[in-house]
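Fold and contact review
Spelled out, the chains give:
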Amino acid sequence: HHHLVTLANTKQVHMFGANEEEVEEFKRTSLATGHIAILDQHLEYGGNSNILGTDIIADLVAQGFTGLVCMRSGNTADEDVEMYKAAGAHCVFGKDVPVKQMIAELK
């Protein structure tokens, strides 16, 4: 969070995902005021709860989100990237990509 605020030179960075309830809050906030949405593919909250970033992306796009959608994942094989883009992601960053580089590429 700090790196995004500092390196992107903005105070409008919001982080979600601490629990399942925040997924819906993320979608509402993204649709209302978001310009860039960065998601992880696997959101695991214990037990059988596993929410996929591609499902969230598809939902945002279906609800009219027009901002930039990026997937940040440890899974960036060609077939994974194709799946993310098919869901509506515009760009994909591996978790090995430093935040500074990611922001530079987003600009």
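This text follows the structure it describes.
Overview of the structure. Bear in mind that the values here come from a model prediction, so they are computed numbers and not experimental data. Positions within a chain are numbered from 1, following the residues in the order the chain's sequence is written. In keeping with the predicted nature of the model, local features appear solely for residues at pLDDT of at least 70, side-chain atom pairs appear and are counted solely at 80 or more, and the whole-chain, interface and lining totals rest on all residues. Side-chain numbers here rest on the full set of heavy atoms in the structure, without hydrogens or water.

To continue, consider the state of the cysteines. One covalent bond between the sulfur atoms of two cysteine residues makes up a disulfide. When two cysteine sulfur atoms lie within 2.5 Å, the pair is treated as a disulfide. Enumeration according to the criterion identifies one disulfide in this entry. Each sulfur of the disulfide joining Cys70 and Cys91 lies 2.3 Å from the other. On the criterion of sequence distance, the pair formed by Cys70 in strand E4 (residues 68–73) and Cys91 in strand E5 (residues 91–94) is long-range, its members being 21 residues apart. Relative accessibility under 20% of the residue-type maximum defines a buried residue, over 50% an exposed one, and the middle range a partly exposed one, all with a 1.4 Å probe and only protein chains included. Residue classification places Cys70 among the buried residues on the basis of a relative accessible area of 0%. Only DSSP runs of H or I reaching four residues or more are called helices, and only runs of E reaching two or more are called strands; each is numbered from the N terminus.

Looking now at the side chain of Glu22. Mapped onto the fold, Glu22 is located in helix H2 (residues 21–33). Arg28 provides the closest opposite charge to the buried, salt-bridge-free Glu22, at an N-O distance of 9.8 Å. In this tally, Lys and Arg are treated as positive and Asp and Glu as negative; His is ignored, and so are the chain termini. We count a salt bridge whenever a side-chain nitrogen from Lys or Arg sits within 4 Å of a carboxyl oxygen from Asp or Glu.

Another point: the pairing of E4. Taking burial as the measure, the six residues of E4 include five buried ones, the bulk of the element. Relative to E4, strand E1 (residues 36–39) runs parallel, the two being bridged by four bridges. Bridging from a neighbouring strand, Ile36 pairs with Leu68 of E4. Note on pairing: DSSP must find at least two bridges between two strands before they are called paired. Here E4 pairs with E5 via four bridges, running parallel. Residue pairing in the sheet places Cys70 in a bridge with Cys91 of E5. Whether a crossover is right-handed depends on one test, that the path from the first strand over the helix to the second runs clockwise when the strands point away from the viewer. Following the backbone out of E4, through helix H4 (residues 78–87) and into the adjacent parallel E5, one traces a crossover that is right-handed.

Turning our eyes to something else, we now look at the packing of aromatic side chains. Stacked, tilted and edge-to-face are the three classes assigned to paired rings of Phe, Tyr and Trp, where Trp is represented by its six-membered ring and a pair needs centres within 6.5 Å; plane angles under 30 degrees give stacked, over 60 edge-to-face, the rest tilted. Throughout the structure, instances matching the rule amount to one aromatic pair. Plain terms: the ring middles of Phe16 and Phe26 are 5.7 Å apart, the flat faces sit at 65° to each other, and that makes the pair edge-to-face. Placement of Phe16 in the loop between helix H1 (2–8) and H2 and of Phe26 in helix H2 is noted, with a sequence separation of ten residues between them.

Here three strands make up an open sheet; going across it, the order is E1-E4-E5 and the pairing parallel. Looking at which strands have only one partner, the edges of the open sheet turn out to be E1 and E5. Between one strand axis and the next, the sheet turns by 20° as a mean value, whatever way the strands run. Each axis is a line fitted through C-alpha atoms, taken for helices only over the stretch in contact, and angles between the N-to-C directions span 0 to 180 degrees.

A few words on the nonpolar core. For the purposes of this section, nonpolar cores are sets of buried Ala, Val, Leu, Ile, Met, Phe, Trp, Tyr and Cys residues that join through side-chain atoms within 4.5 Å. With 15 residues, the main nonpolar core has Phe26, Leu39, Ile56, Ile57 and Val69 as its most contacted residues. Elements with a contribution of two residues or more to this core: H2, E1, helix H3 (53–62), E4 and H4. Here the element with the most residues in this core is H3; it accounts for three residues. Should any heavy atoms of two residues lie within 4.5 Å, those residues are counted as being in contact. In contact with Leu39, not counting residues within four places along its chain, are Phe26, Gly53, Ile56, Ile57, Val69, Cys70, Met71 and Arg72.

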